[in-house]
Amino acid sequence: MNNSDSTNSNENFLEQIIKNDLDNGFDNTKLRFRFPPEPNGYLHIGHAKSICLNFGLGKLFSAPVNLRFDDTNPEKENIEYINSIKEDIKWLGFNWDLECYASDYFDKLYDWAIHLIKTDKAYVDFQDQETISKQRGIPTVPGEKSPYRERSVNENLDNFQKMKFGKYNPGDCVLRAKIDMGSPNMHMRDPVLYRIMNTSHHRTKGEWKIYPTYDWAHGQSDFIEQVSHSFCTLEFEVHRELYDWFLENIDQKNKLIPKQREFARLNLSYTIMSKRKLGELVDSGLVEGWDDPRMPTISGLRRRGIPPQAILNFCEKVGVAKRENIIDYALLDFCTREVLNKISYRLMVVFDPVELIITNYDENKSEVLLAENNPEDEKYGNREVSFSKNLLIEREDFKEEANRKFFRLALGKEVRLKNAYIIKGESIEKDNKGNIKKIFCSYDPKSKSGSGSPESLRKVKGTIHWVDKNNYEKISIDIYDRLFKIESPDENKSDDFKAQLNKNSLKTFENACGESNINNVEFDNYYQFQRKGYFKLDSRNSNKKFNRTVTLRDNTKF
RNA sequence: UGGCUCAUGGUGUAACUGGUAACACGUCUGGUUUUGGUCCAGAAGAGUCUAGGUUCGAGCCCUAGUGAGCCAACCA
């Protein structure tokens, strides 16, 4: 399960940056990383990449990793998201050092803002948002200065304090850094540090009327926590100049200055990574919730039955670089199967049953047969499965006439019943619509599986699963397909991304028939329904509903 | 006055301070198998965006193009 010796042989460019710093004399005891989610939604597989990266670096360099909630926008954030984020990280198996909140630094941030004003590097601007936006210009044309830009320090101090104490209303004014309206980098054209909001914050409640922007809060939070390396995704690359400017201009000396570096975010084919869009799917009821098994959220993957180790392996294989990418969903499937094959308990479940009658089997007889729980690991032991004259098999496992590529049951053809006997198709009975109602076959009494008899050792091409018609349990099964019809729905910038949804992403089998052992399944275990795929008990329903995690690899060619 | 970033088989990632491309997934063969699973063996598939340059030698360095992404929220 842990292929670290083969996959870790190449270090990614962020590891190389850290090693270079170490080689150049950086004190390795000063290494510290952080994972800084905004609590405005649930974490998804893209965040998993970042989590694996940051916490993985922590493990590699024996350095602490903080969990920091970037909670600077109370209008979008809430406690439910905070709790889900913590749960997901723990489920993935990581432990953070400090649990931090940007909101814990609001006082310090305020003091630094005062310092910026006093050093004539920030000012209160009373223009409306639209005017400020226009003045900022466009990337190819320099912006123009705000008429409030040259007000006196005392005036700015006074107004900023009034902002803080609620003397102004939202939209009346903002605090801006005084940097360079002519910079080719738009983020340097006097960015906003504080805006006024009357919204109550989930942690500071009504204490603040002003809230810091991302740019003003993030780097300083890294600094306060003495994070050595602050890794974020590519879109923040243009923010780096501002990140560094703030750190240079706050009144703090002789402390470690964090280094921001950027890597490419993860994209998965046929799904989306935008928290906003995922939230829209939830709000519009198009999915059952953030943890809908079709969602690329960590909670969705968990509910679907993907084990945490599979996600860890996936993130390892995906790598870390600066190139835009779309990862093939097949890679996630591979990682899932690789882990599940080793740890899942096998059961037999018939999804779409048709009756099979063994003509030469005694009507009053029944047997208890032995079946392996996991052929990959004998420690999983065996289970007992009941067998009788009347069975149920998968409708698609029978054909009246079959070509040479069809390895299953057909008239005149032999096939093995998994864990039981070799049978031969003899005849069928149809209803007046032509649907097959019953399949009659004969069995070879000496071919019992595991008996060791020459007959049991005979080579027959196909093996099919079955359940005893006199002893089975009805269960419900949800199977899933890709959420979107197109490979890269996130590329669609418009809001009608929902039009690209795959309407057939969910299919339910209400009347699947499982061997009676299905009564003993446990929620924490993973299961393989033989020949059908991997399944997990659903977390929101009774113990009779399963989610299909992923199919088995299938080379069927007929 | 535009700036920044990226470009290697179908996909993703490698290739140490230059020595004619490797690994994984996927695809295709064959073998084993009481899961058309697993496992085992093997194959095809890029000559590294283009054009120049430096060099004995360039995927790596330089120049110029081309293509893609990001930046003009009081979002993060």
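In case you missed it, the structure is sitting above this.
Now for a quick tour of the structure. The structure displayed is predicted, hence computed values, not measured ones. (Residues numbered from 1 in each chain as written. Chains lettered and ligands numbered in written order. Predicted model: local features only at pLDDT ≥ 70, side-chain atom pairs only at ≥ 80, totals over all residues. Heavy atoms only, no water.)

What follows concerns the overall build of chain A. Counting secondary structure elements, chain A contains 13 helices and 27 strands. For 558 residues, the compact-globule estimate of 2.2 N^0.38 gives 24 Å, and the C-alpha radius of gyration of chain A, at 31 Å, exceeds that figure by more than 25%. Expressed as lengths along the three principal axes of its C-alpha atoms, the size of chain A is roughly 100 × 55 × 40 Å. Buried residues in chain A amount to 53% of all 558 residues. Summed over its atoms, the accessible surface of chain A is roughly 26100 Å², and 44% of this surface lies on carbon and sulfur atoms. (Helix = DSSP H or I, 4+ residues; strand = E, 2+ residues; numbered from the N terminus. Rg over C-alpha atoms; globule rule 2.2 N^0.38 Å. Buried < 20%, exposed > 50% of the residue type's maximum accessible area, 1.4 Å probe, protein only. Areas by Shrake-Rupley, 256 points an atom, 1.4 Å probe, with all protein chains shown as cover.)

Around RNA strand B, a shell composed of 75 residues is seen, among which Gly 182, Arg 323, Arg 346, Phe 407 and Ser 449 lie nearest. Among the atoms of RNA strand B close to the protein, meaning within 4 Å, 63% are from sugar or phosphate groups. Taking Arg 195, its side chain carries an N or O atom lying 2.6 Å from a phosphate oxygen of RNA strand B. Ranked by residue count, the leading element in the surface near RNA strand B is helix α13 (residues 329-343), at 4 residues. Taken together, the residues of the surface near RNA strand B break down into 25 nonpolar, 25 polar and 25 charged. (Near = heavy atom within 4 Å. Polar contact = N/O pair within 3.5 Å; in protein donor to acceptor, adjacent residues only side chain to side chain. Nonpolar A, V, L, I, M, F, W, Y, C, P; charged D, E, K, R; others polar.)

To continue, consider helix α7 (residues 153-164). With 12 residues, α7 should reach 16 Å at 1.5 Å per residue; the first-to-last C-alpha distance of 16 Å fits that figure. When we look at burial in α7, the residues that qualify are Asn 156, Leu 157, Asn 159, Phe 160 and Met 163. Buried residues along α7 sit against α5 (106-118), β4 (122-125), β5 (174-177), β6 (192-196) and β7 (210-212). Following α7 by one or two positions, Gly 166 has its phi on the positive side, about 75°. (Expected span 1.5 Å × (residues − 1). Contact = heavy atoms within 4.5 Å.)

In the sheet, strand β18 (residues 414-417) pairs with strand β19 (residues 422-430) via 3 bridges, with the strands oriented antiparallel. Considered in β19, the bridge of Val 415 is made with Ile 423. Hairpin connection, β18 to β19: the antiparallel pair is bridged by 4 residues, and Asn 419 has positive phi, about 70°. Taking the residues between adjacent antiparallel strands as the criterion, β19 and strand β20 (residues 436-443) are bridged by 5 residues, where Gly 434 takes a positive phi near 90°. (Pairing = 2+ DSSP bridges.)

To continue, consider the packing of helix α8 (residues 214-224) against helix α9 (residues 240-249). Put simply, α8 and α9 touch, their axes get as near as 9 Å, and they point 60° apart. When the axis of α8 is compared with that of α9, the two are oblique. Relative to α9, α8 is oriented so that their crossing is right-handed. Each of Asp 215, Trp 216, His 218, Gly 219, Gln 220, Asp 222 and Phe 223 in α8 lies in contact with α9, whose residues at this interface are Leu 242, Tyr 243, Phe 246 and Leu 247. (Axes fitted to C-alpha atoms, helices over the stretch in contact; angles between N-to-C directions. Parallel < 35°, antiparallel > 145°, perpendicular 65-115°, else oblique. Left-handed = near helix turned anticlockwise from the far one by under 90°.)

In this structure, Pro 258 sits in the loop between α9 and β9 (259-263). In sequence terms Pro 258 and Asp 524 are 266 residues apart; their C-alpha atoms lie 41 Å from each other. Residues contacting Pro 258, with those up to four places away along its chain left out, are Gly 219, Asp 222, Phe 223, Val 227, Ser 228, Tyr 243 and Leu 247.

In this section: the pairing of strand β15 (residues 390-394). Counting buried residues in β15 gives 4 out of 5 residues, a clear majority hidden from the surface. Both β15 and strand β22 (residues 466-468) contribute to a ladder of 3 bridges, which runs antiparallel. Its bridge partner lying in β22, Leu 391 is registered against Asp 468.

Across the sheet, which stays open at both edges, the 4 strands sit in the order β4-β5-β6-β7 with antiparallel pairing between neighbours. The sheet terminates laterally at β4 and β7, the two strands that pair on one side only. Pairs of neighbouring strands in the sheet enclose a mean axial angle of 20°, with direction left out of account. Pairing of β6 with β7, which is carried by 3 bridges, proceeds in the antiparallel orientation. The residue of β7 that forms the bridge with Tyr 194 is Pro 212.

With the rule as written, the count across this model stands at 30 aromatic pairs. Centroid distance Trp 245 to Phe 246: 5.7 Å. Interplanar angle 70°. Geometry classified as edge-to-face. An angle of 50° between the planes, with centres 5.4 Å apart, marks the rings of Phe 387 and Tyr 421 as tilted. You can see Phe 387 sitting in strand β14 (residues 382-388) and its partner Tyr 421 sitting in the loop between β18 and β19, a full 34 residues away along the chain. The pair Phe 387 / Tyr 421 is uniform in exposure class, with both members buried. A connected cluster of aromatic rings, assembled from ring pairs, spans Phe 106, Tyr 110, Phe 160, Tyr 194, Trp 208 and Tyr 211. It is Lys 277 that lies over the ring of Phe 497; its NZ or CZ is 5.3 Å from the centre. Lys 532 extends its terminal NZ or CZ atom over the ring of Phe 351, reaching a point 4.6 Å from the ring centre. (Phe/Tyr/Trp six-rings, centres within 6.5 Å; stacked < 30°, edge-to-face > 60°. Lys NZ or Arg CZ within 6 Å of the ring centre and 35° of its normal.)

Sheet strands associate in pairs through backbone hydrogen bonding, adopting either a parallel or an antiparallel arrangement. The 3 strands are arranged β1-β2-β3 in an open sheet whose pairing can be described as parallel. Single-partner strands in this sheet number two, and they are β1 (33-35) and β3 (99-101). Between one strand and the next, the sheet's axes are offset by a mean angle of 35°, whatever the strand orientation. Both β1 and strand β2 (residues 65-69) contribute to a ladder of 3 bridges, which runs parallel. Bridge pairing links Phe 33 to Val 65 in β2. Lying on the sheet, helix α4 (residues 79-91) is in contact with β1, β2 and β3; it crosses β2 at an angle near 160°.

Structural measurements only, silent on function.
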